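Examining the three-dimensional arrangement
So you can see what is in the structure, the chains are spelled out below.
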Amino acid sequence: MPNQLIDQFGRSIEYVRLSVTDRCDLRCFYCMPDGFKDFEEPESWLTFDEIERVIRCFTELGTHRIRITGGEPLVRKDLPELARRLSRLERLEDLSLSTNATQLERHAADLAEAGISRINVSLDTLRPDRFKEITKGKFDKVYKGLMAAKATGLNPIKINMVVMKDVNDDEVNDMVDFCIEHDFTLRFIETMPMGDTGRNASDYFVDLQTVREELEKKHTLVPGVMPGGGPANYYQVKGTELRIGFITPLSQHFCDTCNRVRLSVDGTIYTCLGQENNFELRPLLRSGISDNELKEALITAVNLKPEKHDFKEKPEQVLRFMSMTGG
Ligand code: SAM
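In this text, all values refer to a predicted model and were calculated from it rather than measured experimentally.

Conventions and cut-offs
- Residues numbered from 1 in each chain as written.
- Predicted model: local features only at pLDDT ≥ 70, side-chain atom pairs only at ≥ 80, totals over all residues.
- Heavy atoms only, no water.
- Near = heavy atom within 4 Å.
- Polar contact = N/O pair within 3.5 Å; in protein donor to acceptor, adjacent residues only side chain to side chain.
- Areas by Shrake-Rupley, 256 points an atom, 1.4 Å probe, with all protein chains shown as cover.
- Buried < 20%, exposed > 50% of the residue type's maximum accessible area, 1.4 Å probe, protein only.
- Helix = DSSP H or I, 4+ residues; strand = E, 2+ residues; numbered from the N terminus.
- Pairing = 2+ DSSP bridges.
- Right-handed = clockwise from strand over helix to strand, strands pointing away.
- Phe/Tyr/Trp six-rings, centres within 6.5 Å; stacked < 30°, edge-to-face > 60°.
- Lys NZ or Arg CZ within 6 Å of the ring centre and 35° of its normal.
- Core = buried A, V, L, I, M, F, W, Y, C linked by side-chain atoms within 4.5 Å.
- Contact = heavy atoms within 4.5 Å.
- Axes fitted to C-alpha atoms, helices over the stretch in contact; angles between N-to-C directions.
- Disulfide = S-S within 2.5 Å.
- Parallel < 35°, antiparallel > 145°, perpendicular 65-115°, else oblique.
- Left-handed = near helix turned anticlockwise from the far one by under 90°.
- Nonpolar A, V, L, I, M, F, W, Y, C, P; charged D, E, K, R; others polar.

Some points on the site of the ligand
Not every one of the 17 residues close to the ligand is listed here, only the nearest: Y30, G71, E72, S122 and M192. Take G71: an N or O atom from its main chain is 2.9 Å from a nitrogen atom of the ligand. Contacts to the ligand include S122, whose side-chain N or O atom sits 2.7 Å from an oxygen atom. For the ligand, the accessible surface in isolation is 550 Å², of which the surrounding protein chains cover 94%.

Put into structure tokens, the structure is as follows:
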């Protein structure tokens, strides 16, 4: 067995985004529209035992970083228990979580204790009325969740803001101030044409280059800090502790350094956010395959990873929502 997963384009797959549910307690219009009901049935969900086994096999093939995501991962019952089990895997080096923070007030301490080292929180606006419009949820819960995470000592806490034209692009400076005040890292993300946004992606798309230019009128941005394994291009805001990452899947795609695959709640490995290339593990898992056969399947899956997405060329192509794949 190899001790590294390398795809057919020579990229090392070091990172799995593990979706533990396709359900969510918010309805961000660009992600999972109101009224959406096409969820996986519980019998299709990988169990915690199945998830642990697949992730262990990934780590034995050299994939050491796992991010738990969804849907909203905290709507999956007993999520801290799964985190605890994963964090005990011998070869796992980094276990993190992406959340909308609505339930973080209740779970932050448990998650930290279970071995979650850091979290990313989606937050597109600081205005409660606008938050309601974008997500159908309550800003107050998210704010309390964030403060609980901060008090627990989870660090870094990264705020992910999808910047959308005429929706929240007037708030980038407010978000910078908020993150300076609370010692959060901030990441701006370009809207990707997935699901419903595929049909009207160009209505919302903002090239983050323009956001950076706007911020530079007020701040000095020093490039090159915080090189992580991810796609964000980071800058330090001079005179502050704030780091800002720009994630630009459209204006400057980063497919040649893409180091990840996604495992969805029904046990499908998606090899690219913007293509359909996938591999269904669940039937194999439930047919009683050995660990070696499972690892062979993971190698086969990784080899399906395409060279790049076609978000720009074919914006209407991806019909599944981010919440189905695991954002
Ligand atoms: N519920 C968790 C959360 O809120 O972080 C995890 C899943 S959510 C699908 C992950 C991220 O995907 C969020 O930051 C969300 O804003 C982002 N996202 C969803 N649809 C998107 C799209 N069409 N373009 C860009 N980002 C998107």
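Digging into the pairing of strand β4 (residues 118–122)
Among the five residues of β4, four are classified as buried, and the element is accordingly described as predominantly covered. The pairing of strand β3 (residues 94–99) with β4 spans four bridges and is classified as parallel. Residue L97 lies in a different strand from β4, and its bridge partner there is I119. Handedness of the crossover joining β3 and β4 through helix α3 (residues 104–114): right-handed. Here four bridges tie β4 to strand β5 (residues 157–163), and the two strands are oriented parallel to one another. Bridge assignment links N120 to a residue of β5, and that residue is K158.

Looking at the packing of aromatic side chains
All told, the structure shown has nine aromatic pairs when counted by the stated rule. Between F29 and Y30, the aromatic rings sit 5.7 Å apart at their centres with planes inclined by 90°, giving edge-to-face as the arrangement. You can call F29 partly exposed: its relative accessible area is 25%. Centre to centre, the rings of F139 and Y143 are 6.1 Å apart; their planes meet at 35°, and the pair counts as tilted. Of this pair, F139 and Y143 both sit in helix α5 (residues 139–152), four residues apart, which is roughly one turn of the helix. Note on Y143: relative accessible area 32%, which makes it partly exposed. Grouping aromatic residues by their ring pairs yields a cluster made of F131, F139, Y143, F178 and F184. When the ring centre of Y15 is taken as reference, the NZ or CZ atom of R65 above it lies at 4.5 Å.

Considerations on the nonpolar core
In terms of nonpolar packing, the biggest core is built from 92 residues, with I55, I68, L123 and F188 touching the most fellow members. Considering each element in turn, this core owes the most residues, six residues, to helix α1 (residues 48–60). For L123, the residues in contact, after removing those within four places along its chain, are F131, F139, V142, L146, I159, N160, M161, M175 and F178. Judged by nonpolar contacts, the second largest core, of five residues, contains M192, M194, L250 and L273.

Brief notes about the sheet that holds strand β2 (residues 65–69)
The 12 strands lie next to each other as β7-β8-β9-β6-β5-β4-β3-β2-β1-β10-β11-β12, forming an open sheet whose pairing is mixed. At either margin of the open sheet sits one strand with a lone partner, and together these are β7 (221–223) and β12 (278–280). Here the average twist between neighbouring strands, direction ignored, is 25°. The sheet strands contacting helix α2 (residues 79–87) are β1 (15–19), β2 and β3, and the helix crosses β3 at an angle near 160°.

A closer look at the state of the cysteines
Throughout the structure, instances matching the rule amount to zero disulfides. Looking at C179, it has no disulfide partner, and the nearest cysteine sulfur is the one in C28, 17 Å off. For the unlinked cysteine C272, the closest cysteine sulfur is that of C255, found at 6.2 Å.

Let's talk about the packing of α3 against α5
Packing of α3 against α5 brings their axes to within 8 Å, and their N-to-C directions diverge by 25°. Regarding the angle of α3 to α5, the classification is roughly parallel. The crossing of α3 and α5 is right-handed. Taken together, the residues of α5 that come into contact with α3 (itself represented by L104, E105, A108, A109 and A112) are K144, G145, A148, A149 and T152. Its residues assigned to classes, the contact of α3 with α5 shows six nonpolar, two polar and two charged.

Points about helix α6 (residues 172–182)
Residues of α6 that are buried include every one of V172, N173, M175, V176, F178, C179 and H182, and no others. D183 sits one or two residues past α6 and shows a positive phi near 65°.

Observations regarding unusual backbone geometry
Here N155 and P156 are connected by a cis peptide whose omega angle stands at 0°. Counting through the fold element by element, P156 comes out in the loop between α5 and β5. Backbone geometry places A101, a non-glycine residue, at a positive phi of 75°. Looking at the secondary structure, you find A101 in the loop between β3 and α3. In this structure A101 comes out as buried when scored by relative accessible area, which is 0%. Positioned with a positive phi, K136 is a non-glycine residue whose angle comes to about 65°. Residue placement: K136 occurs in the loop between α4 (128–135) and α5.

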